[in-house]
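Reading the structure
This is what each chain is made of:
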Amino acid sequence: DAGITQSPRYKITETGRQVTLMCHQTWSHSYMFWYRQDLGHGLRLIYYSAAADITDKGEVPDGYVVSRSKTENFPLTLESATRSQTSVYFCASSESNPDTQYFGPGTRLTVL
Amino acid sequence: QQPVQSPQAVILREGEDAVINCSSSKALYSVHWYRQKHGEAPVFLMILLKGGEQKGHEKISASFNEKKQQSSLYLTASQLSYSGTYFCGTDPKAAGNKLTFGGGTRVLVKP
């Protein structure tokens, strides 16, 4: 089906482990984003990409790495997970700027 | 810097109206509004651009006062489906959709 998907939907990991969250969109949108949402709070931009091979830091990039070798994929890696990175992670995409951002269903990550 | 939303929460009866405000300390190019229901992803409502028109969605409309660096979202004749948390996202530059979101306003519409 067309749209934006994230995997896994739920992940439990331990402090210090590397974790990769996947994001895939089928619309060939140029822009893709990673946000985190902590309980009871708003969304904070982690990283952003305007096109394949073009990425830029957002508001809270420390401890995260992204890559975008293909337009449709935008994985987010936590190099060494910490408890403070326990959160719900949303991926989003948009066709142009400024434009609607379409959000994926989210990944709930727990770091023990 | 994060925009400030007010009120933090509002309870309405079906059919009542409400206004949600979003204020920024920076000059803004665009303001985006999203609604998120519990356990779900945010869903786009509208974008307001500097110098642009007011754009509406169903009976939800919004305004953008560039001079005051504020936007307001108007929930008119509210329906049960309007319940959720409303977020404004602001972009001070005309580049890249890099939004800074407010803390959200929780809206509960009761029968």
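Residues numbered from 1 in each chain as written. Chains lettered and ligands numbered in written order. Predicted model: local features only at pLDDT ≥ 70, side-chain atom pairs only at ≥ 80, totals over all residues. Heavy atoms only, no water.

**What about the overall build of chain B?**
Threshold: Each helix is a run of DSSP H or I of at least 4 residues and each strand a run of E of at least 2, with the numbering of both proceeding from the N terminus. Atoms considered for the radius of gyration are the C-alpha atoms alone. The globule rule reads 2.2 Å times the number of residues to the power 0.38. Here's how the labels work: a residue is buried when its accessible area is under 20% of the maximum for its type, exposed when over 50%, partly exposed in between, all with a 1.4 Å probe on protein chains only. When checking whether two residues touch, look at their non-hydrogen atoms; a contact exists if any pair is within 4.5 Å. For the area figures, the Shrake-Rupley method with a 1.4 Å probe applies, and any residue is considered shielded solely by the protein chains shown. Positive charges are assigned to Lys and Arg, negative charges to Asp and Glu, while His and the chain termini are left out of the count. A single reference atom marks each charge: NZ on Lys, CZ on Arg, CG on Asp, CD on Glu.
Along the backbone of chain B there are zero helices and 10 strands. In sequence order, chain B lays out its α and β elements as β-β-β-β-β-β-β-β-β-β. Compactness check: chain B gives a C-alpha radius of gyration of 13 Å against a globular reference of 13 Å for 111 residues, within 12% of the reference. Across its three principal axes, chain B shows a C-alpha extent of roughly 40 × 25 × 20 Å. Here chain B holds 111 residues, and 46% of them are scored as buried. Sequence separation of 24 or more characterises 56% of the internal contacts of chain B that already satisfy a separation of 6 or more. Of the roughly 5600 Å² that chain B leaves accessible, carbon and sulfur atoms contribute 49%. Computing the positive centroid from 13 side-chain charges and the negative centroid from 8, chain B places the two 8 Å apart.

**Considerations on the overall build of chain A**
Secondary structure summary: chain A contains zero helices and 11 strands in total. Shown N-terminal to C-terminal, the secondary structure of chain A runs as helices and strands in the order β-β-β-β-β-β-β-β-β-β-β. The C-alpha atoms of chain A give a radius of gyration of 13 Å, which matches the 13 Å a tight globule of 112 residues would have. Along the three orthogonal principal directions, the C-alpha set of chain A runs to about 35 × 25 × 25 Å. Looking at chain A residue by residue over its 112 residues, the buried ones come to 48%. Taking contacts inside chain A between residues at least 6 apart in sequence as the whole, the part at least 24 apart equals 55%.

**Thoughts on the pattern of salt bridges**
Basically, it comes down to this: The working definition used for a salt bridge is a side-chain nitrogen of Lys or Arg within 4 Å of a carboxyl oxygen of Asp or Glu.
Applying the stated rule across the entire model yields four salt bridges over all chains. If you follow the salt bridges from partner to partner, you end up with Arg 36, Asp 38 and Arg 44 of chain A in one network.

**Topic: the state of the cysteines**
Residue and element names in this part refer to chain B. Applied cut-off: Sulfur atoms of two cysteines make up a disulfide when they are within 2.5 Å.
In total, this model carries two disulfides over all chains according to the counting rule given. Shown here is the disulfide that connects Cys 22 with Cys 88, its sulfur atoms set 2.0 Å apart. Taking the torsion about the sulfur-sulfur bond, which here is approximately 75°, the covalent link between Cys 22 and Cys 88 counts as right-handed. Taken together, the positions of Cys 22 in strand S3 (residues 18–23) and Cys 88 in strand S8 (residues 84–91) put the pair 66 residues apart, joining distant regions of the chain. The exposure classification of Cys 22 matches that of Cys 88, with both residues buried.

**A word on the environment of Lys 110 of chain B**
Residues and elements named next belong to chain B. The residue Lys 110 is located in strand S10 (residues 105–110) in this model. Separated by 21 residues in the primary sequence, Lys 110 and Gly 89 have C-alpha atoms spaced 27 Å apart. Leaving out residues up to four positions away in the same chain, Lys 110 has contacts with Ile 11, Leu 12, Arg 13, Glu 14 and Leu 80.

**Side note on the nonpolar core**
Quick reminder of the rule: For our purposes a nonpolar core is just a set of buried Ala, Val, Leu, Ile, Met, Phe, Trp, Tyr and Cys residues, chained together by side-chain atoms within 4.5 Å.
Residues Trp 33, Met 46, Leu 73, Leu 75, Tyr 86 and Val 107 of chain B are the most contacted members of the largest nonpolar core, which totals 21 residues. Secondary-structure elements contributing two or more residues to this core are strand S2 (9–13), S3, strand S4 (30–36), strand S5 (43–49), strand S6 (60–65), strand S7 (70–75), S8 and S10 of chain B. The contact partners of Tyr 86 of chain B, leaving out residues within four places of it in the chain, are Gln 5, Ile 20, Tyr 34, Arg 35, Leu 45, Ile 60, Leu 73, Leu 75, Gly 104, Thr 105 and Val 107 of chain B. If you look at the next biggest cluster of nonpolar residues, it comprises 19 residues, including Ile 4, Phe 74, Leu 78 and Val 111 of chain A.

**Some thoughts on the sheet that holds S7 of chain B**
Residues and elements named next belong to chain B. Rules: By this definition, two strands are paired if DSSP reports at least two bridges between them. Helix axes are fitted to C-alpha atoms over the stretch in contact, other axes to C-alpha atoms as well, and angles between N-to-C directions run from 0 to 180 degrees.
Within the open sheet, the four strands sit side by side as S1-S3-S7-S6. Their pairing is antiparallel. If you trace the sheet from one side to the other, it starts and ends with strand S1 (4–6) and S6, each paired once. Going from strand to strand, the sheet's axes swing by 15° on average, the running direction of each strand aside. Bridge count between S6 and S7: six bridges; the pairing is antiparallel. When the sheet's bridge partners are listed, Ser 63 is paired in S7 with Ser 72.

Fair warning: the whole summary comes from geometry, so function is off the table for now.
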